[in-house]
Amino acid sequence: MGEESSPFAHLAEEWRRTLFPGANDAQFADAYAQTVTFALLLARAEGGDTTDLRAAENALASEHALLAKTLKIFTDELTESEEPISLKLLQRIISQVSEAGWKSKEQDPWLYFYEDFLDEYDPKLRKDAGVYYTPVPVVGAMVRLTEDLLINRLGKNAGFASPEVMTLDPATGTGTFLLGVISHTLQAIAERMGPGAVG
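**Looking at the nonpolar core**
When a protein is soluble and globular, its nonpolar side chains tend to lie buried together. Grouped together as the largest cluster of nonpolar side chains are 24 residues, with contacts concentrated most on Tyr-32, Val-36, Leu-40, Leu-60, Leu-71 and Phe-74. Mapped onto this core, the elements with two or more residues apiece are α1 (7-18), α2 (25-45), α3 (53-61), α4 (65-77) and α5 (85-95). The biggest single contributor to this core is α2, with ten residues. Every residue in contact with Leu-71, bar those within four places of it in the chain, is listed here: Val-36, Ala-39, Leu-40, Leu-53, Ala-56, Glu-57 and Leu-60. Listed in part, the six residues of the second largest apolar core include Val-139, Val-143, Phe-160 and Val-165.

What follows is the structure, given as structure tokens:
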């Protein structure tokens with residue numbers, strides 16, 4: 001990890017304290033490298049200039065704040081000469097990735113490509129971590145089935161929107177299930193009460 005006063009040493013300590021207590025320096029470095037790579041890919045998908053870390057960070061800031069903060073450590077704590085050569089190479093490679101097919105009206109790329117990303121990055125880690133993507137149609141069916149149970153079996157007439165219903169996802173990943181619940185609930189509210197009630 002280098003010097004104890006470096007931003008990475010502090011980050012590694014916080015990482016161990018809050019996320020992975022048993023992680024050694026090599027595991028932290030690998031996880032952070034993976035996160036930075038994914039953040040740059042997502043910034044590219046969002047139209048950001050990945051050759052400029054601050055521009056990539058800004059592309060992520062509004063919708064992907066946590067990933068933006070992984071890049072912020074490079075822009076706030078390190079001078080350009082201190083940035084690793086491997087990072088600069090990664091930035092240049094990702095800047096050349098074609099944007100074709102990343103965006104469509106039906107899907108956001110980040111919901112789909114983490115499983116494929118990790119399969120290429122470290123197939124064993126993907127298997128050990130259980131990173132397997134659930135297709136959106138399957139998520140939609142599960143959300144509708146759960147809401148049917150909430151309404152017809154548990155008497156929660158507003159389904160997920162009932163004040164006493166709390167939705168938890170202990171293996172959130174990219175948040176596909178939570179986004180599915182939110183999307184379904186907003187649509188149901190708009191149909192029942194009109195689009196003005198959605199806000």
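**So, the pattern of salt bridges**
A complete count under the given rule lists three salt bridges for this structure. Asp-25 is paired through a salt bridge with Arg-16; the nearest N and O atoms lie 3.2 Å apart. Judged by its relative accessible area of 18%, Arg-16 falls in the buried class.

**Brief notes about the side chain of Arg-16**
Its location among the elements puts Arg-16 in helix α1. With near-sequence residues (within four places) excluded, Arg-16 lies in contact with Pro-21, Ala-23, Asn-24 and Asp-25.

**A short note on the packing of aromatic side chains**
Where two aromatic rings form a pair, the distance of their centres and the angle of their planes describe that pair. A complete count under the given rule lists one aromatic pair for this structure. Geometrically, the ring pair formed by Phe-28 and Tyr-32 is stacked, given 5.8 Å between the ring centres and 25° between the ring planes. Here the residue Phe-28 and the residue Tyr-32 both occupy positions in helix α2, the gap between them amounting to four residues, near one helical turn. One exposure class covers both Phe-28 and Tyr-32, and it is buried.

Basis of the calculations
- Residues numbered from 1 in each chain as written.
- Predicted model: local features only at pLDDT ≥ 70, side-chain atom pairs only at ≥ 80, totals over all residues.
- Heavy atoms only, no water.
- Core = buried A, V, L, I, M, F, W, Y, C linked by side-chain atoms within 4.5 Å.
- Buried < 20%, exposed > 50% of the residue type's maximum accessible area, 1.4 Å probe, protein only.
- Helix = DSSP H or I, 4+ residues; strand = E, 2+ residues; numbered from the N terminus.
- Contact = heavy atoms within 4.5 Å.
- Salt bridge = Lys/Arg side-chain N within 4 Å of Asp/Glu carboxyl O.
- Phe/Tyr/Trp six-rings, centres within 6.5 Å; stacked < 30°, edge-to-face > 60°.

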